[in-house]
Amino acid sequence: MSHPGCRLHIALHGCEQSREKVGDAFIEKTGFARYADINRLVVLFPQIVGSVVNPDGCWDWWGYSDIDYLGKDAPQIKAVWAMAERLAMQP
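Let us look at the structure shown here. The structure displayed is predicted, hence computed values, not measured ones. (Residues numbered from 1 in each chain as written. Predicted model: local features only at pLDDT ≥ 70, side-chain atom pairs only at ≥ 80, totals over all residues. Heavy atoms only, no water.)

Helices and strands together make up the secondary structure of the protein, namely four helices and two strands. Starting at the N terminus, the α and β elements of the protein follow one another as β-α-α-α-β-α. Overall size of the protein, expressed as C-alpha extent along the three principal axes, is 50 × 30 × 15 Å. Taking all 91 residues of the protein together, 24% fall into the buried category. Relative to all contacts within the protein whose residues are 6 or more apart in sequence, the contacts with residues 24 or more apart total 52%. Accessible surface, the protein: about 6700 Å² in total, of which carbon and sulfur atoms supply 59%. Taking the 9 positively charged and 11 negatively charged side chains of the protein as two groups, their mean positions are separated by 9 Å. (Helix = DSSP H or I, 4+ residues; strand = E, 2+ residues; numbered from the N terminus. Buried < 20%, exposed > 50% of the residue type's maximum accessible area, 1.4 Å probe, protein only. Contact = heavy atoms within 4.5 Å. Areas by Shrake-Rupley, 256 points an atom, 1.4 Å probe, with all protein chains shown as cover. Lys, Arg positive; Asp, Glu negative; His and termini not counted. Charge placed at Lys NZ, Arg CZ, Asp CG, Glu CD.)

With that settled, the discussion passes to helix H4 (residues 75-88). Along an α-helix, a turn takes 3.6 residues, which lines up residues three or four apart on a common side. Taking 1.5 Å as the rise per residue, H4 with 14 residues should run 20 Å; its terminal C-alpha atoms sit 20 Å apart, in good agreement. The complete set of buried residues in H4 reads Gln76, Val80 and Ala84. Seen along its axis, H4 keeps its buried residues to an arc of 70 degrees; they face one direction. Opposite its buried face, H4 presents the exposed residues Trp81 and Arg86, each directed more than 90 degrees away. Lining the buried residues of H4 we find strand E1 (7-10) and strand E2 (41-44). (Expected span 1.5 Å × (residues − 1). Arc of directions from axis to C-beta.)

Shown next, in the form of structure tokens:
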């Protein structure tokens, strides 16, 4: 039986868990990549880099990036969606 394509899982790291802070530990220790190998998944590991307003490199759950930080037009949501769309176009 043929199973064309695959599914996408987006794994958002926690505060202070970006690759900048922990190297490959989040990618390797969560098990997402290992699970993906046997389940026809592509795992996207988008990253947030620390800044003056967000020194711990957290995903925006309190509004530091924009007043509409939870809406579909929020900067981080738009960026992750663009990544997902780009992956969907890959052969």
